[in-house]
Amino acid sequence: MAAQSASGAIFGQVAAPKNSVILIQNLETGLSRQVTVDEAGRYRVVSLPTGKYRVSLQRDGAIVGERDDVVVTIAGGTEVSFAAPGGVKDLDSVTVSAASLPPIDVSSVDTRTVFNAEQLSKLPIARSVSAAALLAPGVVTNSAYNVASFGGSASSENAYYINGYAVTNPLTSIGFTTLPFDAIDEMQVLTGGYGAEFGRSTGGVINITTKRGTNQWKGGVAAYWSPEIGRATPRNNFYPNTGFYPKTDGTLLAYRNKNQYWETSYGAYLGGPLIKDKLFLYLSGEVVKREGASVASSSANPQAANGYNRYQYEIPRWVAKVDWNITDDHIVELTGVSDREQYDSALYPFSYSDYSHGNKQTGGKTTKEGGELYIGKYTGYLTDRLTVSALYGQQKLEHKDVPWQYDASCPRLSGNTTAVNQMPGITYNPTCQFATEVKAPGARDKTQSWRLNLEYRLGDHNLRIGADTQEARSITGTEYAGGYVWVFQQTANKNAAINSGLGVGAPAAAGGSGLGVPGSNKGYFVRRQYYTQSADVKVEQSSQYLEDLWQVSPNVLLSLGLRNEQFTNYNNDREPFASQRNQWAPRLGVSWDVHGDASLKVFANAGRYHLAPPNNVAVRGAAASLLTQEYFTYTGTDPRTGAPTGLKSIPVDASKGYTCPGGNAVSSNLECGTSPDPRTVGARNLKSHYQDEYIAGVQHQWNPAFNWGAKLTYRVLRSAIDDTCAPQLGGHCVLFNPGVANTFLMEQPDGSLKEVTYSNAELGFPPLKRKYYALDLYLEHPSRGGKWYGKVEYTFSRNYGNTEGQLASDLDTGLGGQTDVSRTQDWDLPQLMVGANGLLPNHRSHQLKAFGYYQLTQEWRFGATAVIASGRPASCTSFYPTADKGLYTGAYYHYCGLAGSGTKPGTPGYIPPSADYRFSPRGTSGSTPWTYTLNLNAAYTPNWASQKLTFRADIFNLLNRQIAQGYVQGYASDRVTPSQTYRRELNYTAPRQFRLSAQYDFTL
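Residues numbered from 1 in each chain as written. Predicted model: local features only at pLDDT ≥ 70, side-chain atom pairs only at ≥ 80, totals over all residues. Heavy atoms only, no water.

- The name an unreviewed UniProt entry assigns to the protein is TonB-dependent receptor domain-containing protein, from the organism Dyella halodurans.
- Under the Subcellular location (unreviewed entry) heading, UniProt states for the protein: "Cell outer membrane". (UniProt positions renumbered as here; feature names shortened; annotations may be inferred.)

1. Thoughts on a nonpolar patch on the surface
Alright, step 1. Judged by side-chain polarity, Trp702, Trp708, Leu779, Val792 and Leu848 come together as a nonpolar surface patch covering roughly 450 Å² of accessible area.
Alright, step 2. Considering the arrangement of structural elements, one finds Leu779 in strand E45 (residues 770-781).
Alright, step 3. The partly exposed category is assigned to Leu779, whose relative accessible area is 33%. (Patch = residues over 30% accessible without salt bridge, like charges linked within 9 Å, V, L, I, M, F, W, Y side chains within 5 Å. Areas by Shrake-Rupley, 256 points an atom, 1.4 Å probe, with all protein chains shown as cover. Salt bridge = Lys/Arg side-chain N within 4 Å of Asp/Glu carboxyl O. Helix = DSSP H or I, 4+ residues; strand = E, 2+ residues; numbered from the N terminus. Buried < 20%, exposed > 50% of the residue type's maximum accessible area, 1.4 Å probe, protein only.)

2. Concerning the packing of aromatic side chains
Alright, step 1. Enumeration over the complete set of coordinates arrives at 40 aromatic pairs.
Alright, step 2. Residues Tyr313 and Tyr343 carry aromatic rings whose centres are separated by 4.7 Å and whose planes lie at 40 degrees to one another, so their mutual orientation is tilted. Taken together, the positions of Tyr313 in strand E21 (residues 303-327) and Tyr343 in strand E22 (residues 330-351) put the pair 30 residues apart, joining distant regions of the chain.
Alright, step 3. A residue is classified by how much of its surface remains accessible, and Tyr313, at 25% relative accessible area, is partly exposed.
Alright, step 4. By relative accessible area, which is 13% here, Tyr343 ends up buried.
Alright, step 5. Here Tyr484 and Trp486 contribute two aromatic rings whose centre-to-centre distance is 6.0 Å and whose plane-to-plane angle is 85 degrees, an arrangement assigned as edge-to-face.
Alright, step 6. For Trp486, a relative accessible area of 3% puts it in the buried group.
Alright, step 7. Put simply, the rings of Tyr255, Tyr308, Phe350, Tyr352 and Tyr355 pair up and form one aromatic cluster.
Alright, step 8. The ring of Tyr484 carries the charged tip of Arg528 above its face, separated from the ring centre by 5.9 Å.
Alright, step 9. Above the plane of the ring of Tyr570 lies Lys538, whose end atom (NZ or CZ) is 5.2 Å from the centre. (Phe/Tyr/Trp six-rings, centres within 6.5 Å; stacked < 30°, edge-to-face > 60°. Lys NZ or Arg CZ within 6 Å of the ring centre and 35° of its normal.)

3. A few points about the side chain of Arg42
Alright, step 1. Inspection of the secondary structure assignment puts Arg42 in strand E4 (residues 42-49).
Alright, step 2. Only 2.6 Å separates the side chain of Arg42 from the side chain of Asp460, close enough to count as a polar contact.
Alright, step 3. Ignoring sequence-local partners within four residues, the contact set of Arg42 consists of Gly12, Gln13, Val37, Arg457, Asp460, Gln551, Ser553 and Pro554. (Polar contact = N/O pair within 3.5 Å; in protein donor to acceptor, adjacent residues only side chain to side chain. Contact = heavy atoms within 4.5 Å.)

4. Re the sheet that holds E4
Sheet strands line up and pair through hydrogen bonds in the backbone, either parallel or antiparallel.
Alright, step 1. Pairing within the open sheet is mixed, and its 3 strands lie in the order E4-E1-E7. The open sheet is flanked by E4 and strand E7 (77-79), the only strands paired with a single partner. Going across the sheet, the axis of each strand differs from the next one's by a mean of 20 degrees, ignoring polarity.
Alright, step 2. Pairing of strand E1 (residues 7-13) with E7 involves 3 bridges; the strand directions are parallel. Bridged to Phe11 within E7 is Glu79. (Pairing = 2+ DSSP bridges. Axes fitted to C-alpha atoms, helices over the stretch in contact; angles between N-to-C directions.)

5. What to know about the pairing of strand E49 (residues 860-869)
Alright, step 1. For strand E48 (residues 846-855) and E49, the ladder comprises 9 bridges, and the chain directions are antiparallel. Note on E49: the bridge partner recorded for Tyr854 is Phe862.
Alright, step 2. Hairpin connection of E48 to E49: 4 residues between the antiparallel strands.

6. A few points about the state of the cysteines
Alright, step 1. A full pass over the atoms with the stated rule returns 4 disulfides.
Alright, step 2. Each disulfide pairs two cysteine sulfurs, and for Cys410 the partner residue is Cys432, the sulfurs being separated by 2.0 Å. Looking along the S-S bond of the Cys410-Cys432 disulfide, the torsion reads about -115 degrees, which is the left-handed sense. Taken together, the positions of Cys410 in the loop between strand E25 (386-403) and strand E26 (412-414) and Cys432 in the loop between E26 and strand E27 (437-439) put the pair 22 residues apart, joining distant regions of the chain.
Alright, step 3. Sulfur-sulfur distance for the disulfide between Cys725 and Cys733 comes to 1.9 Å. Given an S-S torsion of about 100 degrees, the disulfide between Cys725 and Cys733 has right-handed geometry. Both residues of the pair, Cys725 and Cys733, belong to the buried class.
Alright, step 4. Taking only the cysteines that form disulfides and numbering them from first to last, the protein has the pattern 1-2, 3-4, 5-6, 7-8. (Disulfide = S-S within 2.5 Å.)

7. Considering the pairing of strand E31 (residues 523-553)
Alright, step 1. Sheet analysis places strand E29 (residues 461-480) next to E31, joined by 18 bridges and oriented antiparallel. The residue of E31 that forms the bridge with Asp468 is Ser543.
Alright, step 2. Pairing of E31 with strand E35 (residues 626-633) involves 7 bridges; the strand directions are antiparallel. Paired with Arg528 across the two strands is Glu630, which belongs to E35.
Alright, step 3. In terms of strand pairing, E31 meets strand E32 (residues 556-570) through 15 bridges, oriented antiparallel. Bridging across to E32, Asp548 finds its partner in Leu560.
Alright, step 4. With antiparallel pairing between neighbouring strands as the criterion, E31 and E32 make up a hairpin whose turn holds 2 residues.

8. Looking at the sheet that holds strand E13 (residues 165-166)
Alright, step 1. Sheet architecture is open: 5 strands sit in the order E9-E14-E15-E12-E13, paired in mixed fashion. The open sheet has two edge strands with one neighbour each: strand E9 (111-116) and E13.
Alright, step 2. Where strand E12 (residues 159-162) meets E13, 2 bridges bridge the pair, whose relative direction is antiparallel. Paired with Tyr161 across the two strands is Ala166, which belongs to E13.

9. A short note on the UniProt feature "domain: TonB-dependent transporter Oar-like beta-barrel" (unreviewed entry) in the protein
Alright, step 1. Mapped onto the present numbering, the UniProt feature "domain: TonB-dependent transporter Oar-like beta-barrel" (unreviewed entry) falls at residues 312-574.
Alright, step 2. As annotated, residues 312-574 has a helix share of 0% and a strand share of 65%, and its two end C-alpha atoms lie 39 Å apart.

10. Focus on the environment of Tyr789
Alright, step 1. Within the secondary structure layout, Tyr789 lies in strand E46 (residues 788-801).
Alright, step 2. Take Tyr789: its relative accessible area is 5%, and that puts it in the buried class.
Alright, step 3. Considering only alpha carbons, one finds Tyr789 and Gln119, 670 residues apart in sequence, at a separation of 8.7 Å.
Alright, step 4. Residues within four places of Tyr789 in sequence aside, it is in contact with Gln119, Glu780, His781, Pro782, Ser783, Phe851, Gly852 and Tyr853.

11. Let's talk about a negative patch on the surface
Alright, step 1. Side chains of Asp277, Asp328, Asp329 and Asp384 sit close together on the surface and give a patch of like negative charge.
Alright, step 2. Take Asp384: its relative accessible area is 37%, and that puts it in the partly exposed class. (Lys, Arg positive; Asp, Glu negative; His and termini not counted. Charge placed at Lys NZ, Arg CZ, Asp CG, Glu CD.)

12. What to know about the UniProt feature "domain: TonB-dependent receptor plug" (unreviewed entry) in the protein
Alright, step 1. The residues that UniProt annotates with the feature "domain: TonB-dependent receptor plug" (unreviewed entry) are residues 111-205.
Alright, step 2. With 12% helix and 27% strand, residues 111-205 has its two end C-alpha atoms placed 11 Å apart.

13. Here we look at the nonpolar core
Alright, step 1. Ile125, Leu179, Ile184, Met187 and Ile206 are the most contacted members of the largest nonpolar core, which totals 41 residues.
Alright, step 2. Elements represented by at least two residues in this core include exactly helix H2 (129-133), E12, strand E14 (184-192), strand E15 (205-210), strand E24 (363-381) and E48.
Alright, step 3. The element that contributes the greatest number of residues to this core is H2, accounting for 4 residues.
Alright, step 4. Each residue touching Met187, except ones within four places of it in the same chain, is listed here: Thr113, Val114, Phe115, Val129, Ala132, Ala133, Ile206, Asn207 and Ile208.
Alright, step 5. Core analysis: the second largest hydrophobic core is formed by 32 residues, Ala535, Val619, Val681 and Val756 among them. (Core = buried A, V, L, I, M, F, W, Y, C linked by side-chain atoms within 4.5 Å.)

In structure tokens, the structure reads:
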């Protein structure tokens, strides 16, 4: 079954097929199906809702075999065969016992981990889909985005489904819509080998089905409490020991010891029959509340006017599901999901002199995110051999951001309270703007999708054909609070150009603060920076697929699939700027049931997987994006706003070609606020982002108590879509396929467009490279109604190349990685790719995961999860050796040390590089420490409450190992000045925390 599916299948063989019929009945809803066994003795019943079934074999109208409690899992197949012992063909009576359930799903060729509701309720994990997914092999946390990475892919390359509908973030593809945790019936995590029905992912898939009503009315209430007193003290953050700043090296940077909160969650559910065997209802809801406080400033700003944050989250979620068995052959499902979040923040002054905060509010905001999803699905069992399913859904999400007492006349300030940026003799007045950015009014997303699938059994072939469309529209935009930001800066050499590549001269050339103070070579300056985006954009996607599950022999199954996908991205004027019509993706798989009893499976698959750019690629690339910097010296600051006064523009060499019209503002990407011609936004005949994957593995029932398995995976990214701002393109940034020749439409001086082709060598880039290989091992003790369940997984992997994919985690300096999906910085300039080949951010050499639970007595249960992983690769980046035209100002290049002026020796203003300046390829500066996380829980379900009430205590990160998951990689703040924060620790793992809960379940 494919990953998009929210149903499963039952299949098997019968020793005496003549006049044999299989009857399948859902034990909870009464739904039944009857199919005739074919001449080869095989049967297969597809598109079954998940749940428990009774499978009966009838011959000549009499039941001769039966199997109870057959579990159908999401997108899986369960084998129930009726074979007489000793090869006897005349089957008089066979009773299939629970212990005889085949341990291995020999009908699948993909790689999956399935968590059912029981496991999710008993394991000590955070109540989130992401926390459960991290227990699957090859899935690692990416702290730059707080979204998991699957198999070495970027965190935006995953796909997420609820009841068959895609709920991936439509704007950025980072994150997803979720639901009440207790409403999850099954959660499938696929890490490779998906069938042809599935696409739009080169990472992993999380496929969720919700619970549904049954013939028994059931309900429950639950409360969860994570008290502040049960949370360990968070680690403070310190300046790294750079060797250049004795006053700050090793001293406190960010006070985090009092960054505490408490959290509660209240939930309830109710489900049952509106009409027995026909119409069912399930309702579930939860409200999560979190209140806390944190220090939002650092010691670099010791008297921050808005450095203390009191905040509150309120997250209401609900699910409603109606199942209508019109007849046993026609089923309708209706699902509604709501996922909303409100965040309220109040900011106050904070002083690092005594770690105290003021009580007069100076800032804050209220944000509201989320919305509702509605899905309708029809399944028709038209004949024993033909099944049809159709799905349609819509989702609407809103995004509101309301700053506290927002004053649009106050510009935003940055760096003005940092001591190193303050020129002696100048008074730096405080700002009157405490918001950082504001969102465009009416920001929202809307998706709608339909899908049609047909499945037909023809002899040894199970044929599946289908098509779908998905449309996602996003109205989005942001700008700096007050319209722009003043960034106060300083340089160690006032006579050195600020950015010679963009033509920005030296501070001293403008006088004022650029001259610094007598006896010092430092210069002081500010830049006025705009970053304004606004767009109403859309992406349309469609696909068609054909798949044949061919039972070549009783023991060998071939999966032969072919998929084609199309996508078109539209700009603000609904003009297409990127499109692909033929994305052919073959999918081949084989499953060998070695002994014919589902105790040993050898499997392999190979496939190609495509991914379209999300809506956000249009925001900067195809809309009127404004991203400029203009540099000044100054003589003072405004008493009301804190903005610099006495401004003198620092000279700019316009001949470099990076100056926007009408002034001295420069833009490295020429984002000067005008919409580009959509024909020039992307390369001609832009190829898709796609990846090839090869998997081979084995699964074996070692003995009745244990299963084990091994799997080899190899992934290679064949093609990507990103943007480049190569000098040949005149400073503009254009979507292209990295690492190959591209053809562009370029505007000529007379306004006409000319088609120009550049080879990869002419653009100056290396070939595209991202590879991942892994060995996964596991040992599992299935529960099967027993006292305990346990699983241990080990993964050895290597993730390497010169691009992470659609994202750039390496740019995280504490506020997250670059979120311009498919428009990363990686391929903007050839110089950025020098030394870029190496271990990638999502590389983890070793991962060991173990989880399970043990029912000690009828009343007491204990559970544990443990995750041990090696660290993330670290790099050292700095400025490029030479001050080439168009270079970005920043420590983005794979060199370590101080680059100096980058000009020729003997020329005016020449400064040599530091003695330790060197080439520093990606991932060669060590790694973060290993992480060790151990969670435990204990549950008490007393007999005196008739086993309906459960008290539980969970403890997370028992060892309280708060480990840095990243480092600041930039060595220098400018070409001649070391950074105070190089190798600063980022994103510590969460402190130890307790959670207490009580749950009461009842039946009516």
